[in-house]
Every structure is written in structure tokens, then in C-alpha cells.
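Structural characterization, general
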Amino acid sequence: SKLNLSKSNYYTNAPCKETAYGDQFTSYDVLCDNNPATFLHTDYSSQAPSEDHYIRIDLGSGQEEKFFNLHYRTRKDGNLCAPTSVVIEASNNNSKWVILREITSGLPTTGNTEYSFADLGNGNAYRYIRMRVLNTSTGQKANNHYYFIVSELGLSKISFVEKLDATYSSMSPGTLLA
């Protein structure tokens, strides 16, 4: 089931500071408003951080999740700066990160397209989940790191039963369980 996230759950290390095109950072509300016409654009100015741009979700203390899907939507009006290579990471202290998955191909580059990183849990419960972008559809950088645009970003909880069903359905007939 989809987790009910609000703007207080989100953070980016690279909020857009440009105002010339009207796409400056305004609020994290756009990531959970279910409106593909709104979007978060990371910073493409000379003041952008000199590290990979990311969006982090903080589930809050006591709200950690073990098994989940992360999903995002590209911006409605085209493929400009759509993530094409990402790392999904998790943490409990917001400083030491565990890589859950790295995806370097197959991400959507068309407008208003939703993508889901399915079954990301590794059995450990995590408070923080982040999507760190390594490349985009346009390949444009600020301070040597790719800036990106997403319309929506959210998490869906996977129940333990759903996790078991997915595990068993992917097994070959005759597989022995230890």
C-alpha cells in the first residue's frame, strides 16, 4: 500500500536556485501532490553542490520499513533531465548509506511516465531512503554532477506475505528451501 507522505518527509541536497525560467525550488509538496504538471528540479546553477544530486525520504523515527517499492514520475511535458541512471540507498542515521539497487539502463525518458523500483527491501528496516542520480536523459551537469527533474516520488509498503509470494513465484520448480 502507498505510504502517505507529506512535504516534511522530503529533502534534496540541491534545491534549484535559478529563477529565470520560473522553475526554482518552491516546495516539496510537488513530490506528493499527484499532479504530473508540477515537478522538482534540482539546481543547475553555479551554486549547485559538487556531489551527486539526490532526493531523500525520511520516514521518521519508529516508522522504518523493511520491504518497499520506490516509485517516481517523469515531468509531464517531456523528457528533459529525466533520471537514466540512479542508485537507491537506505540508512538509519542519514550518514552511512547501504546501496539497495543501482539501475543504469531501462528508466523512462518519456514525459509523464511512472517507474517503480520494485522489492527494494533487504530484510533490514530503514528510516531514510534516497534516490541519487548518476545520469539523465539530457546529460547536463552543474558542478560536474547531473541535475534532474521528477514530478512525483513516493514509497509503497510491501507486506511480508507479498514478499514471500514474489520470492516463491520466481523459484524454479523443484527448488529446495534451506
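All figures in this text were calculated on a predicted structure; none of them were measured in a lab. (Residues numbered from 1 in each chain as written. Predicted model: local features only at pLDDT ≥ 70, side-chain atom pairs only at ≥ 80, totals over all residues. Heavy atoms only, no water.)

**Looking at the pairing of strand β8 (residues 128-136)**
Convention followed: Only protein chains enter the accessibility calculation, which uses a 1.4 Å probe. A residue is then buried if its area is under 20% of the maximum for its type, exposed if over 50%, and partly exposed in between. Starting at the N terminus, helices and strands are each numbered in turn, a helix being any DSSP run of H or I of at least four residues and a strand any DSSP run of E of at least two. The rule for pairing is simple: two strands pair if DSSP sees at least two bridges between them.
β8 sits mainly inside the fold: 7 of its 9 residues count as buried. Both strand β3 (residues 54-58) and β8 contribute to a ladder of 5 bridges, which runs antiparallel. Within β8, the residue paired with Y54 across the bridge is R132. Across 8 bridges, the pairing between strand β5 (residues 83-91) and β8 is antiparallel. From the neighbouring strand, S91 faces β8, where its bridge partner is Y128.

**Observations regarding the layout of surface pockets**
Quick reminder of the rule: Here a cavity denotes grid points, spaced 1 Å and computed from the protein atoms alone, that fit a 1.4 Å probe unable to get out, and a pocket denotes an open set having protein on both sides within 12 Å along at least 5 of 7 lines; residues with an atom within 4 Å of a point are the lining. Grid points are joined across faces, edges and corners, and a volume is the space filled by probe spheres set on the points. Residues are grouped as follows: nonpolar covers Ala, Val, Leu, Ile, Met, Phe, Trp, Tyr, Cys and Pro; charged covers Asp, Glu, Lys and Arg; every other residue, Gly included, is treated as polar.
Approximately 190 Å³ is the volume attributed to the largest pocket. If you trace the largest pocket, you find 16 residues lining it, with K2, L31, C32, H71 and E152 closest to the centre. Broken down by secondary-structure element, the contributors of at least two residues to the lining of the largest pocket are β4 (68-73) and β12 (152-157). Classifying every residue of the lining of the largest pocket gives 8 nonpolar, 4 polar and 4 charged.

**Let's talk about unusual backbone geometry**
Positioned with a positive phi, C81 is a non-glycine residue whose angle comes to about 60°. Exposure remark for C81: the relative accessible area of 1% places this residue in the buried category. Here the phi dihedral of N144 falls at roughly 70°; this positive angle occurs in a residue that is not glycine. Mapped onto the fold, N144 is located in the loop between β9 (141-142) and β10 (145-146). With a relative accessible area of 63%, N144 lands in the exposed category.

**What to know about the nonpolar core**
For soluble globular proteins, nonpolar side chains are generally found buried alongside one another. Here is the rule we go by: Residues enter a nonpolar core if they are buried and are Ala, Val, Leu, Ile, Met, Phe, Trp, Tyr or Cys, with the set joined through side-chain atoms within 4.5 Å. By definition in these notes, contact holds between two residues if any of their heavy atoms fall within 4.5 Å.
Ranked by internal contacts, the top residues of the largest apolar core, which has 29 residues, are L31, L70, I88, F117, M131 and L153. Counting residues per element, the ones that place at least two in this core are β3, β4, β5, β6 (98-103), β8 and β12. Beyond its immediate sequence surroundings of up to four residues, F117 is in contact with F68, N69, L70, Y72, V86, I88, R101, I103, L107 and M131. If you look at the next biggest cluster of nonpolar residues, it comprises 5 residues, including A48, A142, Y147 and I149.

**Describing the environment of N93**
The cut-off we apply is this: We define a polar contact as two N or O atoms separated by no more than 3.5 Å, with the added condition that, inside protein, one atom must be a possible hydrogen donor and the other a possible acceptor, whereas residues neighbouring each other in sequence contribute only through side-chain atom pairs.
With respect to the helices and strands, N93 occurs in the loop between β5 and β6. In this structure N93 comes out as partly exposed when scored by relative accessible area, which is 47%. Put simply, N93 and R127 are 34 residues apart on the chain and 7.9 Å apart in space, counted from C-alpha to C-alpha. A polar contact is formed between the side chain of N93 and the backbone nitrogen of S95, at a distance of 2.9 Å. One polar contact links the side chain of N93 to the main-chain amide nitrogen of K96, over a distance of 2.9 Å.

**Considerations on the packing of aromatic side chains**
Each pair of aromatic rings is reported with the distance of its centres and the angle of its planes. Short version of the rule: Two rings from Phe, Tyr or Trp (for Trp, the six-membered ring) form a pair when their centres are within 6.5 Å of each other. A pair whose planes differ by under 30 degrees is stacked, one over 60 is edge-to-face, and the rest are tilted. For a Lys NZ or an Arg CZ to count as sitting over a ring, it must be within 6 Å of the ring centre and within 35 degrees of the ring normal.
Summed over the entire model, instances satisfying the criterion amount to 6 aromatic pairs. Geometrically, the ring pair formed by Y72 and Y115 is tilted, given 6.2 Å between the ring centres and 45° between the ring planes. Of this pair, Y72 sits in strand β4 while Y115 is found in strand β7 (residues 114-117), placing the two residues 43 residues apart along the sequence. Ring centres of W97 and Y128 lie 6.5 Å apart, and the angle between their planes is 65°; on these two criteria the pair is classed as edge-to-face. Taken as a pair, W97 in the loop between β5 and β6 and Y128 in strand β8 lie far apart in primary sequence, 31 residues in all. Here the aromatic cluster, defined as three or more aromatic residues joined through ring pairs, consists of Y72, Y115 and F117. Above the plane of the ring of Y54 lies R130, whose end atom (NZ or CZ) is 4.6 Å from the centre. The ring of W97 carries the charged tip of R130 above its face, separated from the ring centre by 4.1 Å.

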